[in-house]
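A structural walkthrough
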Amino acid sequence: MRYIMSLLRASCVVSPSPFQCRAHRLGPGDDELYQRTTVSIMQKEPGASIMIHGYSTRGFNIDDNKVYGPCALLPPAILQWNVGGHEDISEESVSLFHLLEPRIEMLILGTGSRTERINPKVLALLKKKGIAVEVQDTANACATFNFMMSEGRLVAAGLIPPSVSKALEVHEE
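Residues numbered from 1 in each chain as written. Predicted model: local features only at pLDDT ≥ 70, side-chain atom pairs only at ≥ 80, totals over all residues. Heavy atoms only, no water.

- The protein is annotated in an unreviewed UniProt entry as NADH dehydrogenase [ubiquinone] 1 alpha subcomplex assembly factor 3 from Gadus morhua.
- Per UniProt, the protein has the following entry under Function (unreviewed entry): "Essential factor for the assembly of mitochondrial NADH:ubiquinone oxidoreductase complex (complex I)."
- As its UniProt record puts it under Sequence similarities (unreviewed entry), the protein is described as follows: "Belongs to the NDUFAF3 family." (UniProt positions renumbered as here; feature names shortened; annotations may be inferred.)

**Re the pattern of salt bridges**
- For the structure shown, the criterion picks out three salt bridges.
- We note a salt bridge from Glu-105 to Arg-153, for which the minimum N-O separation is 2.6 Å. Placement of Glu-105 in the loop between helix H2 (95-98) and strand E6 (106-110) and of Arg-153 in the loop between helix H4 (138-150) and strand E8 (155-159) is noted, with a sequence separation of 48 residues between them.
- Here Glu-105 falls in the partly exposed class, since its relative accessible area comes to 34%.
- Exposure remark for Arg-153: the relative accessible area of 33% places this residue in the partly exposed category.
- The salt bridge partner of Arg-153 is Glu-151, with a shortest N-O separation of 3.6 Å.
- Residue Glu-151 is classed as partly exposed on the basis of its relative accessible area of 45%.
- Where salt bridges share partners, they join Glu-105, Glu-151 and Arg-153 into one cluster. (Salt bridge = Lys/Arg side-chain N within 4 Å of Asp/Glu carboxyl O. Helix = DSSP H or I, 4+ residues; strand = E, 2+ residues; numbered from the N terminus. Buried < 20%, exposed > 50% of the residue type's maximum accessible area, 1.4 Å probe, protein only.)

**Remarks on the sheet that holds strand E1 (residues 52-55)**
- Taken together, three strands build an open sheet; the order of strands is E1-E2-E3 and the sheet is antiparallel. Each edge of the open sheet is held by one strand with a lone partner, namely E1 and strand E3 (65-68). Sheet twist, expressed as the average angle between the axes of neighbouring strands with direction ignored, equals 20°.
- In this sheet, E3 lies alongside strand E2 (residues 59-62) in antiparallel orientation, the contact comprising four bridges. Paired with Gly-59 across the strands is Tyr-68, a residue of E3. (Pairing = 2+ DSSP bridges. Axes fitted to C-alpha atoms, helices over the stretch in contact; angles between N-to-C directions.)

**Looking at the confidence of the model for the protein**
- The predicted model of the protein has a mean per-residue pLDDT of 80, with 67% of residues at 70 or higher.
- Long-range and interchain partners of residues 3-8, a stretch whose pLDDT sits below 50, account for zero contacts in this model, where long-range means more than four residues apart.
- In this model residues 37-44 is a low-confidence stretch, pLDDT under 50, and it forms two contacts with partners more than four residues away in sequence or in other chains. (pLDDT = per-residue confidence, 0-100. Contact = heavy atoms within 4.5 Å.)

**A closer look at helix H3 (residues 120-128)**
- Turning to H3, its buried residues number three or more, namely Val-122, Leu-125 and Leu-126. Viewed along the axis of H3, the buried residues span an arc of 95°, placing them on a single side of the element. Across from the buried face of H3, at angles greater than 90 degrees, the exposed residues are Pro-120, Lys-121, Lys-127 and Lys-128.
- On the buried face of H3, the contacting elements are H2, E6 and strand E7 (132-136).
- Two residues or fewer after H3 comes Gly-130, characterised by a positive phi angle close to 85°. (Arc of directions from axis to C-beta.)

**Thoughts on the side chain of Ser-93**
- Structurally, the position occupied by Ser-93 is in the loop between strand E5 (77-80) and H2.
- Reaching out from Ser-93, the side chain makes a polar contact with the backbone nitrogen of Ser-90 at a distance of 2.7 Å.
- In this view, Ser-93 contacts Trp-81, Val-83 and Asp-88; residues no more than four positions away in its chain are not counted. (Polar contact = N/O pair within 3.5 Å; in protein donor to acceptor, adjacent residues only side chain to side chain.)

Right, dumping it as structure tokens:
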């Protein structure tokens, strides 16, 4: 055994190939073997975020896409959201928001014409998952979403279109 070990040591000194000797360190003369590994982080392209340009009682105008009814904005995706009103927002309906990777910082919920109360179990679930929740009327939720997106934050929104306003109706007697 000693004879084999002495032959191996001798081959490291005599051999021109670095692969026959375990003690060889890579140096600049080893060309591509010496190059360091680099990692490039992919950045979002400027202007690649979602922006809400308008809303109505029917739905939303999001980056020139017309979305009818409630929607979930999960940048870069725009999805139909299967809720009829704020009372339909449940642990199941918000599950798509906390399954995202990378995890969102904040979920903005637009509850229609006015700010409505959300089931406390839903809020507790999102808090447990580390997601801040902002509940607002839809008009303010759209503005908040656009502002947060312009700052480059990891944010998502669940939006319900506002109902038809009856404030300006004329009643005949």
